[in-house]
Amino acid sequence: MAVHAATPALSAELQDLHLNTLPRTDAERARISGATAAPDDFTAPQRFEELPAGAATVRVRTDADAFSQPSANISFEQELDFRVGNGLFKKIWVSSPSSTKASDGLGPLYNARSCQRCHIKDGRGHTPNGPEDNAISMFLRVSVPGLPEDAPEGIADYIATLPEPNYGLQMQDFALAGHPAEYRLDITYEEVPVALSEGDTAMLRRPTYIAADLGYGPLHPDAMLSPRVAPQMIGLGLLESIPVDELLARADPEDTDGDGISGRANIVWSTEFDQPMMGRFGHKAAMPTVMEQSAAAFAGDIGISSPLFPLPQGDCTEAQVQCTNAPHGDGDVRVFEIDETGMDLVAFYSRNLGVPGRRDVDDPQVLRGKEVFYTTGCTACHTPSHVTHRMPDRPEHSFQLIWPYTDLLLHDMGEGLADNRPEARATGREWRTPPLWGIGLTERVSGHTQFLHDGRARSLLEAILWHGGEAQAARDQVVSMPKADRDALIRFLESL
């Protein structure tokens, strides 16, 4: 996508409140423009392309721990914080009351007992593998339509929603003894053939989701459900460090350049900073910072209170009286079930999971696939490279040339991927462009090749073929292109 003049109101109002930054100089802007310019030669890799996270890039491990390494450029002292944060990320929480005061407060309703249970090996979650498998790394978000007065002030085009009266904002399929779970996730698939060039055929699976075995009464008749699979964790601190004004400059909500791509920023209300910020994290970019995303996951996924989300009962609603009245882990020396120090360590860990280096960047088929990626228009949303803010107190993320292949903006992906559930400014058809770095290591880390927000795609090709809306034209080119080019495109993605 071309760089546009950012909407003045957005540029003036939205700031990187979570960062201590130094302004760009004119010389730096010129360097950045050159470093992030699209290539005009696809016969050789670009300079530094093999280092997708800049100096933070880590070596490529051959085992399932490829996503679990600390950024290569953190200090020896910071590695201790990383290891302690990792311990909290893996911690198995228990119910209250308990003699293990540092680990109690689970639930009473929850989706997992630790962060690691969803983000297994810091990679992608998965859909249930048959009727006997649980949905440990997948759940349904839920809400009902709100009124205009339910929207926060100062955010234009905000689509107000409210928690579902009986089930809150998230369906929990596990519960402590004596408490009914909220539901069981039931998924069925319909196989859909897609004809490709040269006689090839791909099979897509179209899912249907049912919240079965409801434990707290029927859902509201206007309830909106959205399936979510846990995303990979690498490179989050670098994504958090991309200047907001440079992201906004890529937005083109009115499609003024006529290329059919109209990316928009999701503007959300930050609980952490008590004002609007640009959303960067989550499938619909509904969270502005790693800290807020982490604290919200503790509350919604595990039922753990923190300074940002202090309710000890997590996502339990007023209708769930037994849940709200149950014992909890607040009130000891921690004050909250995870205190500020603990949250700082978890956030530090999450920000500094290293991005593995690229593989085979000079392979002829990979280079051809890269050319196809560019000429097909994939870079209009999957922006290849950015340069992060210069930050004196976060040198590990400071002024790094990174290659995440995302613009962090919302795009209409068509009816096929629509969940029909808005989130902040995101409509029911819009999704954040997911980063592609590390995508070729998914099977090594997570043991599967499931992609998209709900894991419906069983391969990278299936993920592409589900693209619609703004990406329809690019998707149709992939369908009709020579098979050799289609294979090269997949080979390029596998090298990321």
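Further up the page is the structure itself.
Cut-off values and rules
Residues numbered from 1 in each chain as written. Predicted model: local features only at pLDDT ≥ 70, side-chain atom pairs only at ≥ 80, totals over all residues. Heavy atoms only, no water. Helix = DSSP H or I, 4+ residues; strand = E, 2+ residues; numbered from the N terminus. Expected span 1.5 Å × (residues − 1). Buried < 20%, exposed > 50% of the residue type's maximum accessible area, 1.4 Å probe, protein only. Contact = heavy atoms within 4.5 Å. Disulfide = S-S within 2.5 Å. Phe/Tyr/Trp six-rings, centres within 6.5 Å; stacked < 30°, edge-to-face > 60°. Lys NZ or Arg CZ within 6 Å of the ring centre and 35° of its normal. Pairing = 2+ DSSP bridges. Axes fitted to C-alpha atoms, helices over the stretch in contact; angles between N-to-C directions. Parallel < 35°, antiparallel > 145°, perpendicular 65-115°, else oblique. Nonpolar A, V, L, I, M, F, W, Y, C, P; charged D, E, K, R; others polar. Salt bridge = Lys/Arg side-chain N within 4 Å of Asp/Glu carboxyl O. Core = buried A, V, L, I, M, F, W, Y, C linked by side-chain atoms within 4.5 Å.

**Student:** Just to check I follow, could you spell out helix 9 (residues 340-351) for this structure?
**Tutor:** Side chains that are three or four residues apart share a direction in an α-helix, a result of its 3.6 residues per turn. Taking 1.5 Å per residue as the helical rise, helix 9 with its 12 residues ought to reach 16 Å, and the 16 Å between its terminal C-alpha atoms agrees with that figure. Most of helix 9 sits out of view: 9 of its 12 residues are buried. Among the residues of helix 9, Gly342, Met343, Leu345, Val346, Ala347, Phe348, Tyr349, Ser350 and Arg351 are the ones counted as buried. Packed against the buried residues of helix 9 are helix 3 (76-90), helix 5 (236-239) and helix 7 (290-302).

**Student:** Which parts of the structure should I look at to understand the environment of leucine 353?
**Tutor:** When you line up the elements, leucine 353 lands in the loop between helix 9 and helix 10 (364-375). For the pair leucine 353 and glutamate 371, spaced 18 residues apart in sequence, the C-alpha to C-alpha distance is 29 Å.

**Student:** What is the right way to look at the state of the cysteines in this model?
**Tutor:** Applying the stated criterion across every chain, the model contains 1 disulfide. Among the cysteines around cysteine 115, which has no disulfide bond, cysteine 118 carries the closest sulfur, lying 8.3 Å off. Owing to a relative accessible area of 13%, cysteine 115 belongs among the buried residues under this scheme.

**Student:** Looking at this structure, I do not really get the packing of aromatic side chains. What am I missing?
**Tutor:** Enumeration according to the criterion identifies 10 aromatic pairs in this entry. Members of the aromatic cluster, joined through ring pairs, are Phe42, Phe373, Tyr374, Tyr405 and Phe492. Positioned over the ring face of phenylalanine 399 is arginine 390, at 4.0 Å from the centre of the ring. We note arginine 456 situated over the ring of tryptophan 466; from NZ or CZ to the ring centre the distance is 4.5 Å.

**Student:** Any chance you could explain the sheet that holds strand 3 (residues 161-162) here in plain terms?
**Tutor:** The pairing of strands in a sheet happens through backbone hydrogen bonds and is either parallel or antiparallel. Pairing is antiparallel across the open sheet formed by 3 strands, whose spatial order is 3-2-7. The two strands at the open ends of the sheet, each matched to only one other strand, are strand 3 and strand 7 (224-229). With 2 bridges connecting them, strand 2 (residues 138-145) and strand 3 associate as antiparallel partners. Looking across to strand 3, one finds that proline 145 is bridged to threonine 161.

**Student:** Please explain the pairing of strand 2 as it appears in this structure.
**Tutor:** Here is the key point about a regular strand: its side chains alternate between the two faces of the sheet. Burial runs high along strand 2: 6 of the 8 residues are buried. The pairing of strand 2 with strand 7 spans 6 bridges and is classified as antiparallel. Looking across to strand 7, one finds that valine 142 is bridged to leucine 225.

**Student:** Is there a simple way to think about the packing of helix 3 against helix 9 in this case?
**Tutor:** Angle between the axes and distance between the axes are the two parameters that describe a pair of packed helices. In the contact formed by helix 3 and helix 9, the axes pass within 7 Å of each other and the chain directions differ by 105°. Viewed along their axes, helix 3 and helix 9 adopt a mutual orientation that is roughly perpendicular. Contacts between helix 3 and helix 9 involve Gln78, Asp81, Phe82, Val84, Gly85, Asn86, Leu88 and Phe89 from the former and Gly342, Leu345, Val346, Phe348, Tyr349 and Ser350 from the latter. Here the contact of helix 3 with helix 9 is composed, by residue class, of 8 nonpolar, 5 polar and 1 charged.

**Student:** I would appreciate a short explanation of the pattern of salt bridges in the present structure.
**Tutor:** Two side chains bearing opposite charge may form a pair once their charged atoms approach each other closely. The full count for this structure, using the stated rule, is 30 salt bridges. For the salt bridge of aspartate 360 with arginine 491, the shortest nitrogen-to-oxygen distance reads 2.9 Å. Highlighted residues: aspartate 360 in the loop between helix 9 and helix 10 and arginine 491 in helix 14 (residues 483-494), separated in sequence by 131 residues. Close ionic contact of arginine 475 with aspartate 476 constitutes a salt bridge, the shortest N to O distance being 2.9 Å. Judged by its relative accessible area of 34%, aspartate 476 falls in the partly exposed class. Members of the salt-bridge network, linked through shared partners, are Arg228, Lys284, Asp419, Arg421 and Glu423.

**Student:** Mind showing me how you'd approach the packing of helix 10 against helix 14 here?
**Tutor:** Relative to each other, helix 10 and helix 14 sit at 100°, their axes nearing to 7 Å. One element, helix 10, and the other, helix 14, form an angle in the roughly perpendicular class. In this structure, helix 10 contributes Gln365, Val366, Arg368, Gly369, Lys370, Val372 and Phe373 to the contact, and helix 14 contributes Asp485, Asp487, Ala488, Leu489, Arg491, Phe492 and Leu493.

**Student:** Before we go on, may I ask you to explain the nonpolar core in this structure?
**Tutor:** Within the largest apolar cluster, 52 residues are counted, with the highest numbers of intra-cluster contacts made by Trp93, Met278, Phe298, Ile302, Ile338 and Trp437. Within the residue set of this core, elements represented by two or more residues are helix 3, helix 5, helix 6 (244-248), helix 7 and helix 9. Every residue in contact with tryptophan 93, bar those within four places of it in the chain, is listed here: Ala102, Ser103, Asp104, Leu106, Arg113, Phe298, Ile302, Ile304, Arg334, Glu337 and Ile338. Counting residues in each nonpolar core, the second largest holds 38 residues, with Phe451, Ile464, Ile490 and Phe492 among its members.

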